[in-house]
Protein chains: 2
Amino acid sequence: MSETGERPGRCSNAGLRRATRRLSQLYDDAIAPSGLRATQFGLLVQLRDLGTPTMGELAEAMVMDLSALGHTLKPLARDGLVTLAVDARDRRQRRVALTEAGRTRLRAAAARWREAQLRFEAVFGREKAAQLRALVDEIASPGFGEAFGRPGD
Amino acid sequence: MSETGERPGRCSNAGLRRATRRLSQLYDDAIAPSGLRATQFGLLVQLRDLGTPTMGELAEAMVMDLSALGHTLKPLARDGLVTLAVDARDRRQRRVALTEAGRTRLRAAAARWREAQLRFEAVFGREKAAQLRALVDEIASPGFGEAFGRPGD
DNA sequence: GACGATTGCTGGCATATGCCATCAATTCTC
DNA sequence: GAGAATTGATGGCATATGCCAGCAATCGTC
């Protein structure tokens, strides 16, 4: 039984990516008619929850690179769903905000998202969906990166 | 207790994406010195396991869009790590193959990957890592997309 | 065995992400 | 308070991914 030794399992990262591709596809199919990608939907939800965060705050909450966030916001800003404004206190910072158009679009997408989410929970099982959420949330938590040995981040 | 009703949890898709970003970052940091991205590493491992699959077969195994696979292979082919060859039986098909250089690079990356993987399992916990693998593998499985209502795929 | 349907891949376009170099604004230090 | 160090964001470049519109090859049918 050398199975209990140091042998690592198959790649967790690759597995996660595969699942993400599949799931994004399913959510995208559902949300697309509203004019938002599933990714953008997630970003807008986070933005709505945070209010008017700075780019840095939003990036951290999204577990996203700051520049990546900037790129991702571009089409949303272009379409008038979000705005970027220089912060009065610290003019280096940009405050991101959801516009009225953004809120409207978000509401429309949310209805479709809800269906996809319920369908996912029905197909995958509520229990497992909850387990999965707990596991990925832990990985996404700020503490995890540090524990792994990526200080700061 | 209206909690047991139809209310969906937070977005599984968004959660999965966040975790994927974080984890990819950690694996990337570890693997990068070998000259491969974590994504490319995963692709080459899959390729090694399949032998000389057609693009379609590889795409399905990777849960990836065919054209996305094509794009992803381009830098690898450019660097001489993989080759694409017309299949003799069916000239529409392209057989993908790992070159010697590809194998060598893969071996180098595998050593680094192994460390990252063991570290992940140590930090996250073997049990939970295994649970996560099982959950994401199910989502990535071909049957899941169909069950969700995305026939064919 | 010609023709239409199907299959497998490529190319163009768009978003998703990340790294690094840079620039601007703020803070720290003497 | 001037200059150094730090912080917050942008721009350029590269990969990651997906959709759709071709194109070429194969298959099926009469």
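- Chain A appears in an unreviewed UniProt entry as HTH marR-type domain-containing protein from Methylobacterium isbiliense.

1. Focus on the protein's contact with DNA strand C
Then step 1. Around DNA strand C lies a shell of 28 residues, among which Ser67 and Arg78 of chain A together with Arg17, Arg21 and Gly56 of chain B are the nearest.
Then step 2. Here, DNA strand C places atoms within 4 Å of the protein, and 71% of those atoms are sugar or phosphate.
Then step 3. Interatomic distance of 2.4 Å between a side-chain N/O atom of Ser67 of chain A and a base nitrogen of DNA strand C.
Then step 4. The separation between a phosphate oxygen of DNA strand C and a polar main-chain atom of Gly56 of chain B is 2.9 Å.
Then step 5. Put simply, the parts of the chain that give the surface near DNA strand C at least two residues each are helix H2 (38-50) and helix H4 (66-78) of chain A together with helix H1 (12-31), helix H3 (55-62) and helix H4 (66-78) of chain B.
Then step 6. Ranked by residues supplied to the surface near DNA strand C, first place goes to H4 of chain A with six residues.

2. Concerning the protein's contact with DNA strand D
Then step 1. If you check the shell around DNA strand D, you find 28 residues, and the closest are Arg17, Arg21 and Gly56 of chain A together with Ser67 and Arg78 of chain B.
Then step 2. Among the atoms of DNA strand D close to the protein, meaning within 4 Å, 72% are from sugar or phosphate groups.
Then step 3. Separating a phosphate oxygen of DNA strand D from a backbone N or O atom of Gly56 of chain A is a distance of 2.8 Å.
Then step 4. At a separation of 3.0 Å, a base oxygen of DNA strand D approaches a polar side-chain atom of Arg92 of chain A.

About the thresholds
Once a new chain begins, its residue numbering starts again from 1 and follows that chain's sequence as written. Both sets of labels track the order of writing: A upward for chains, 1 upward for ligands. With pLDDT at 70 or above as the cut-off, local features in this predicted model cover only qualifying residues; side-chain atom pairs require 80 or more to be listed or tallied, and sums for whole chains, interfaces and linings still use all residues. Hydrogen atoms and water are omitted, and side-chain values are computed over all heavy atoms in the structure. Proximity is defined per residue: if any heavy atom of the residue lies within 4 Å of a molecule or strand, that residue is considered near it. For the purposes of these results, a polar contact is taken to be a pair of N or O atoms within 3.5 Å, where, inside protein, one atom must be able to donate a hydrogen and its partner to accept one; residues adjacent in sequence count only when each atom of the pair is a side-chain atom. Numbering of helices and strands runs from the N terminus, with a helix taken as a DSSP run of H or I at least four residues long and a strand as a DSSP run of E at least two residues long.

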